Amino acid sequence: MTPDDIVLTLLSDLLDPDGHGLDATHLAGAAQDMKGRIKCMPRYMGIGMAALTGLFVGSGYVGLPKAWRVRRIARWRGSPISLQRSFVEFWEKMGTFTYWSRVEKARHEAHA
């Protein structure tokens, strides 16, 4: 399991929990963009986000069936621990923005 696998799976589960299918190219690009955004954070934040991501997926997250992964996200989203909720909110909001920015850019370039 590589960091790329982790980020790609996490974004897929957050943005497409029902598995309707997102564009794989844009999703992979959004995953790379998210990794870059975390690297560009101030060190104390980037290290914290990387640690939380490791904690979240540390128990074999990527190897679980999608339905189980989506339930884990739902548990963290509704957790009484604000750090877990904030983690999910960050990935969900930034991931959504990043993915759809790529989609819109591709649409714009196709019509240019």
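Our subject in this report is the structure included herewith. (Residues numbered from 1 in each chain as written. Predicted model: local features only at pLDDT ≥ 70, side-chain atom pairs only at ≥ 80, totals over all residues. Heavy atoms only, no water.)

1. Quick notes on the overall build of the chain
Then, in step 1: When its secondary structure is counted, the chain shows five helices and zero strands.
Then, in step 2: Order of helices (α) and strands (β) in the chain, N terminus to C terminus: α-α-α-α-α.
Then, in step 3: For the chain, whose C-alpha radius of gyration is 14 Å, the value lies close to the compact-globule estimate of 13 Å for 112 residues.
Then, in step 4: Projected onto the principal axes, the alpha-carbon positions of the chain cover approximately 45 × 35 × 25 Å.
Then, in step 5: In the chain, buried positions account for 37% of the 112 residues. (Helix = DSSP H or I, 4+ residues; strand = E, 2+ residues; numbered from the N terminus. Rg over C-alpha atoms; globule rule 2.2 N^0.38 Å. Buried < 20%, exposed > 50% of the residue type's maximum accessible area, 1.4 Å probe, protein only.)

2. Topic: the packing of helix 2 (residues 24–40) against helix 5 (residues 82–111)
Then, in step 1: Packing of helix 2 against helix 5 leaves a shortest axis separation of 9 Å and a crossing angle of 130 degrees. Considering the angle they form, helix 2 stands oblique to helix 5. Seen from above, helix 2 lies across helix 5 with right-handed handedness. Across from His26, Leu27, Gly29, Ala30, Asp33, Met34, Arg37 and Ile38 in helix 2, the residues of helix 5 making contact are Phe90, Trp91, Met94, Gly95, Phe97, Thr98, Tyr99, Arg102, Val103 and Ala106.
Then, in step 2: When grouped by side-chain class, the residues that make up the contact of helix 2 with helix 5 number eleven nonpolar, four polar and three charged. (Axes fitted to C-alpha atoms, helices over the stretch in contact; angles between N-to-C directions. Parallel < 35°, antiparallel > 145°, perpendicular 65-115°, else oblique. Left-handed = near helix turned anticlockwise from the far one by under 90°. Contact = heavy atoms within 4.5 Å. Nonpolar A, V, L, I, M, F, W, Y, C, P; charged D, E, K, R; others polar.)

3. Regarding the nonpolar core
Then, in step 1: Leu10, Leu11, Phe56, Phe87 and Trp91 are the most contacted members of the largest nonpolar core, which totals 25 residues.
Then, in step 2: Looking at this core, the elements that each hand over two or more residues are helix 1 (3–15), helix 2, helix 3 (43–57), helix 4 (66–77) and helix 5.
Then, in step 3: Residue contacts for Trp91: discarding those within four places in its chain leaves Val7, Leu10, Leu11, Leu14, Met34, Ile38, Met49, Thr53 and Thr96. (Core = buried A, V, L, I, M, F, W, Y, C linked by side-chain atoms within 4.5 Å.)

4. A word on the environment of Thr53
Then, in step 1: Relative to the helices and strands, Thr53 resides in helix 3.
Then, in step 2: Along the primary structure Thr53 and Arg69 are separated by 16 residues, whereas in three dimensions their C-alpha atoms are 14 Å apart.
Then, in step 3: Residue contacts for Thr53: discarding those within four places in its chain leaves Ile6, Phe87 and Trp91.

5. Topic: the packing of aromatic side chains
Then, in step 1: Tallied over the full model, the rule gives four aromatic pairs.
Then, in step 2: Centre to centre, the rings of Phe90 and Trp91 are 5.9 Å apart; their planes meet at 85 degrees, and the pair counts as edge-to-face. Neither Phe90 nor Trp91 differs from the other in exposure class; each is buried.
Then, in step 3: An aromatic cluster of three or more residues is present, and its members are Trp76, Phe87, Phe90 and Trp91.
Then, in step 4: When the ring centre of Tyr61 is taken as reference, the NZ or CZ atom of Arg69 above it lies at 5.9 Å. (Phe/Tyr/Trp six-rings, centres within 6.5 Å; stacked < 30°, edge-to-face > 60°. Lys NZ or Arg CZ within 6 Å of the ring centre and 35° of its normal.)

6. Examining the packing of helix 3 against helix 5
Then, in step 1: Relative orientation of the contacting elements helix 3 and helix 5 amounts to 100 degrees, with a least axis distance of 11 Å. Judged by the angle between their axes, helix 3 and helix 5 are roughly perpendicular. Residues Met49, Leu52, Thr53 and Phe56 of helix 3 form the contact with helix 5, whose own contacting residues are Leu83, Phe87, Phe90 and Trp91.
Then, in step 2: A per-class count over the contact of helix 3 with helix 5 returns seven nonpolar, one polar and no charged.

Purely spatial values, then, with no claim about function.
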